[in-house]
Amino acid sequence: MSESPFSGLVSPQVLDLEPYVPGKPIDELRRERGLERVVKLASNENPLGPSPAGVAALEAAAAGVHRYPDGYGFALKSALAAFWDLPPDHFVLGNGSSEVIEMVVRLLVRPGRSVVLASPSFSIYEIAVRAQGGRVVKVPLRDHAVDLDAVADAAAGAALVILGNPNNPTGTIFRRPEWERFLSRVPAGTAVLLDEAYAEFAVDPGFPQGRDHLADDRPLVVVRTFSKAYGLAGVRIGYGIAPPGLVDYLNRLRLPFNANGPAQAAAAAALGDRAHLGRSVAVARAGLKRLYRLFDAAGLGYVPSQANFVVVRVGDGDWMYRALLERGVIVRSARSFGMPDWIRVSVGLPEELDRFEAALDELL
Ligand SMILES: *Cc1c(COP(=O)(O)O)cnc(C)c1O
């Protein structure tokens, strides 16, 4: 990209960054192919839609958008404090949890310092670290799961370790004993960011809740989002849970009003909507079971998932992605994740999975 007339003006660490590649929007595929019905199983969104309580709160908040939002986020932080049984000074809000991840990286990673990531994992981690001038150290997954012992080995001298549990794109988790061993081994000068974007979907009884491992003197930030199980991806709201001594610093670099008012209101309402959350998790689990049966019958290998998506080995991920697109079904090729033989499929509603199944049948 050095052909830009502005390359000489730009921070060097930005010059060779690649922009984040989102799942293809439904309307874009409709426009491009003139397709009537398009099914998107590409961005791990909630196929049930948002929590109705969240939508009602959004509508109610619309009349107040001429005012700046509460920059501190009193109502949402109070709801989070009650939900997690922690004082409100343990929370920092973000314009999506991606912003919280980016803030933590900006706070903790000086240029030249290293940050340990599992590979493959969510691409935002690497973009945030490199944009800050940090050095990425990638620890390969083992049997598609985060190898926490190897991550701990690699953490010596690192500023930060970023881990997803469940991990995106593989949907695998690490369990409590491994996690506790990791925390005991991670060097004192290394912070840990635990991204729990999909934790609501994890049904494994050994799944550790990062919140239970917070301590006032431990540099651990747990990141959660309303974009997935709560169905609020479009309004952009997520948060971090951290010791007050870290939250205080995050508040210094946080832009004012970064979490918008309608999103805060919707999130607080959705947090209380246990019925919607329960339905969302049930849809994800039922959809995964159905996809496993389909893949088993077709002889395709897959990685059992604790999230709302699954990776499946199809031979050529890019080819399958394009062939499914032609049939109105959007998935993700896993090539950009370093898994060129695989695609990642988000769980949809039964009728959406019907479309996927019919298209896959045609192609196999
Ligand atoms: C979707 C996702 C998020 C959430 O991003 P938001 O900015 O909150 O929408 C965070 N981490 C991972 C691993 C994800 O897949």
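Note that the structure is predicted; figures quoted are calculated from it, not measured. Every chain is numbered independently, its residues counted from 1 as its sequence is written. The predicted origin of the model limits local features to residues at a pLDDT of at least 70 and limits the giving and counting of side-chain atom pairs to 80 or more, whereas totals for whole chains, interfaces and linings rest on all residues. To obtain the side-chain values, all non-hydrogen atoms of the structure were used and water was disregarded.

## Let's talk about the overall build of the protein
Helix and strand counts for the protein stand at 13 helices and 12 strands. For the radius of gyration, the atoms used are the C-alpha atoms, and the globule rule reads 2.2 Å times the number of residues raised to 0.38. A globule of 364 residues ought to have a C-alpha radius of gyration of about 21 Å, and the protein, at 20 Å, matches this closely. For the protein, the C-alpha atoms occupy an extent of roughly 55 × 55 × 50 Å along the three principal directions. For every residue, the accessible area (1.4 Å probe, protein chains only) is compared with the maximum for its type, and the residue is labelled buried under 20%, exposed over 50%, or partly exposed between those bounds. Across the 364 residues that make up the protein, the buried fraction comes to 53%. Computed by Shrake-Rupley with a 1.4 Å probe, the accessible areas treat only the displayed protein chains as cover when residues are assessed. If you sum the accessible surface of the protein, you get close to 16,100 Å²; carbon and sulfur atoms cover 54% of it. Numbering of helices and strands runs from the N terminus, with a helix taken as a DSSP run of H or I at least four residues long and a strand as a DSSP run of E at least two residues long.

## Quick word on the sheet that holds strand β7 (residues 220-225)
Any two strands are treated as partners once DSSP identifies two or more bridges connecting them. Read across the open sheet, the seven strands follow the order β2-β8-β7-β6-β5-β3-β4; overall the sheet is mixed. Among the strands making up the open sheet, the edge pair consists of β2 (91-94) and β4 (135-140). Sheet twist, expressed as the mean angle between neighbouring strand axes with direction ignored, is 20°. As paired elements, strand β3 (residues 114-119) and β4 share six bridges and run parallel to each other. Residue pairing for β4: Ala118 is matched across the bridge by Val139. Should any heavy atoms of two residues lie within 4.5 Å, those residues are counted as being in contact. All axes here are fitted lines through C-alpha atoms, helices being fitted over the stretch that makes contact, and every angle between N-to-C directions spans 0 to 180 degrees. Most of the contacts of helix α4 (residues 74-84) go to β2, to which it runs at about 130°, and overall it touches β2, β7 and β8 (238-241). Across the sheet, helix α6 (residues 123-131) lies against β3, β4, β5 (160-164) and β6 (191-195), angled at about 155° from β4, the strand it touches most.

## A closer look at the pairing of strand β12 (residues 342-346)
Buried residues dominate β12, accounting for five of its five residues. The two faces of β12 match: Trp342, Arg344 and Ser346 on one face and Ile343 and Val345 on the other face are all buried. Summarising the sheet, strand β9 (residues 309-313) and β12 pair through five bridges and their orientation is antiparallel. Bridging across to β12, Val311 finds its partner in Arg344. Relative to β12, strand β11 (residues 332-333) is paired through two bridges, and the arrangement is antiparallel. Bridge assignment links Ser333 to a residue of β12, and that residue is Ile343.

## Let's talk about the domain arrangement of the protein
The domain architecture assigned to the protein consists of domain 1 (7-49 + 275-363) and domain 2 (52-273). Domain delimitation follows an automatic or database domain assignment. Using C-alpha coordinates to define each centre, domain 1 is positioned 23 Å away from domain 2. Counting residues at the interface gives 29 residues for domain 1 and 30 residues for domain 2. Summing both sides of the interface, domain 1 and domain 2 together bury roughly 2,500 Å²; the carbon and sulfur share of this comes to 65%. In the sections that follow, a salt bridge refers to a side-chain nitrogen of Lys or Arg positioned within 4 Å of a carboxyl oxygen of Asp or Glu. Between the two partners, domain 1 and domain 2, sit one salt bridge. Residue Arg130 pairs with Asp16 through a salt bridge whose shortest N-O separation is 3.6 Å. A 3.5 Å cut-off defines polar contacts: any pair of N or O atoms within that distance qualifies, except that in protein one atom must be a possible hydrogen donor and the other a possible acceptor, and neighbouring residues in sequence count only when both atoms are side-chain atoms. Scanning the region where domain 1 abuts domain 2 turns up 13 residue pairs in polar contact (both at pLDDT 80 or more). Where the side of domain 1 that touches domain 2 is concerned, the elements lending two or more residues are α11 (274-298), β9 and β12. By residue number, the principal contributor to the side of domain 1 that touches domain 2 is α11, which donates seven residues. For the side of domain 1 that touches domain 2, a count of residues per class yields 15 nonpolar, 10 polar and four charged. Throughout, buried area stands for the accessible area (probe radius 1.4 Å) lost by two parts on being put together, summed over both. Three residue categories are used. Nonpolar comprises Ala, Val, Leu, Ile, Met, Phe, Trp, Tyr, Cys and Pro, charged comprises Asp, Glu, Lys and Arg, and polar comprises the others, including Gly.

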